[in-house]
Amino acid sequence: MATHFAVDDKVFVPTSRIPGMESHPAAFYETCITNVDTRKVKVQLQGGATSEWIGSGLCQKNIGILIFTIGDLATEPVLLDPLAKSVLQFCRLLVTDDYLRAYKIRSLSELKSIWRKEQAAYSHVVFVGHGSSEGIKFAVDGLVKPDVLDTTLKVRGAPKKVFISLCCQTGYKSAGGKLSKMAICSHFLAPFHSVHGAVASQFAQTFLAFHLLVGESVGVGFKHARQYTPGSTSFRLWENGKLKAGPK
């Protein structure tokens with residue numbers, strides 16, 4: 001029997017994997033489980049019908065995208081704001097506004113305040129900003145290192161999340177590798193080198209399309225995003241401090 005799902009659990013299933021729901025406005029259908037078996041489940045459909053068996057790996061207990069634009073005052077109008085808006089508008093095609101939030105911040109204290117209130121509802125986090133091999137840059141606090149970010153984002157008992165950093169060079173082991181060890185992080189995706197804003201936007205959108213819309217795992221979705229996004233070969237995938245995919 002599946003160990004992480006039970007009958008009556010609320011789940012989110014990619015509508016692309018449910019026949020007849022191709023025109024559903026969101027990428028996911030929120031429903032509940034009616035039957036559980038080894039690596040597969042059945043869910044309740046509209047009108048009270050029951051689905052055919054669906055791979056349990058396609059189902060998620062929680063879905064939500066939280067976007068943080070970490071301002072630097074200098075490049076916001078020409079780079080950070082357009083990048084964040086492009087990702088936000090794409091995400092609106094994937095999930096309804098109930099499962100999507102976007103904030104513009106410039107300080108660590110703002111991040112901490114918002115995070116404490118909002119994090120529980122979200123499964124995916126996107127950072128838009130500037131970075132280096134040592135951390136992420138905030139307009140107010142300067143370069144914030146991974147150990148400080150870990151302390152800021154730490155919430156006892158919080159569900160793990162997928163982090164997508166569009167901040168240059170945060171794919172280094174000294175940044176992304178360390179951040180992937182956070183108790184609240186399941187996977188950390190980030191560029192190893194500097195990356196053009198257009199490439200960063202397309203990579204994030206392509207990954208989310210494969211991962212959420214198609215229902216691929218983080219690892220498979222990441223590989224497809226690197227494959228189909230021009231200029232994205234520098235992106236890395238970290239999990240618990242280990243490099244899982246991307247350039248070595």
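Below is a summary of the structure that appears in this document. (Residues numbered from 1 in each chain as written. Predicted model: local features only at pLDDT ≥ 70, side-chain atom pairs only at ≥ 80, totals over all residues. Heavy atoms only, no water.)

**A closer look at the packing of aromatic side chains**
The way to describe two aromatic rings as a pair is by their centre distance and the angle between their planes. In the structure shown here, the tally under the stated rule is eleven aromatic pairs. Consider the rings of Phe68 and Tyr103, whose centres lie 6.2 Å apart with planes at 25 degrees: the pair is stacked. With Phe68 in strand 5 (residues 65-70) and Tyr103 in strand 6 (residues 100-105), this pair connects stretches of sequence that are 35 residues apart. Exposure remark for Phe68: the relative accessible area of 0% places this residue in the buried category. Residue Tyr103 is classed as partly exposed on the basis of its relative accessible area of 24%. When the centroid spacing of 5.9 Å and the interplanar angle of 25 degrees are considered together, the rings of Phe210 and Tyr228 count as stacked. Taken together, the residues Phe210 in helix 5 (residues 197-214) and Tyr228 in helix 6 (residues 218-228) connect sequence positions 18 residues apart. In textbook terms, an aromatic cluster arises when at least three aromatic residues are bridged by ring pairs, as seen for Phe68, Tyr103, Trp115, Phe127, Phe163 and Phe188. One residue, Lys40, lies across the ring of Trp53, its end atom 5.0 Å from the ring centre. (Phe/Tyr/Trp six-rings, centres within 6.5 Å; stacked < 30°, edge-to-face > 60°. Helix = DSSP H or I, 4+ residues; strand = E, 2+ residues; numbered from the N terminus. Buried < 20%, exposed > 50% of the residue type's maximum accessible area, 1.4 Å probe, protein only. Lys NZ or Arg CZ within 6 Å of the ring centre and 35° of its normal.)

**Remarks on unusual backbone geometry**
Negative phi is the rule for most residues except glycine; trans is the rule for most peptide bonds. The backbone of Asp8 shows a phi angle near 80 degrees, a positive value even though the residue is not glycine. Tracing the backbone through its elements, the reader meets Asp8 in the segment before strand 1 (10-14). According to the relative accessible area criterion, Asp8 is exposed, its value standing at 62%. We note that Asn240 has phi near 50 degrees; this positive angle belongs to a residue other than glycine. Locating Asn240 in the fold gives a position in the loop between strand 13 (235-239) and strand 14 (242-245).

**Let's talk about the side chain of Ser180**
Inspection of the secondary structure assignment puts Ser180 in the loop between helix 4 (173-179) and strand 12 (185-191). At a separation of 2.8 Å, a polar atom in the side chain of Ser180 contacts the main-chain amide nitrogen of Gly241. In this view, Ser180 contacts Cys185, Phe188, Trp238, Glu239, Asn240 and Gly241; residues no more than four positions away in its chain are not counted. (Polar contact = N/O pair within 3.5 Å; in protein donor to acceptor, adjacent residues only side chain to side chain. Contact = heavy atoms within 4.5 Å.)

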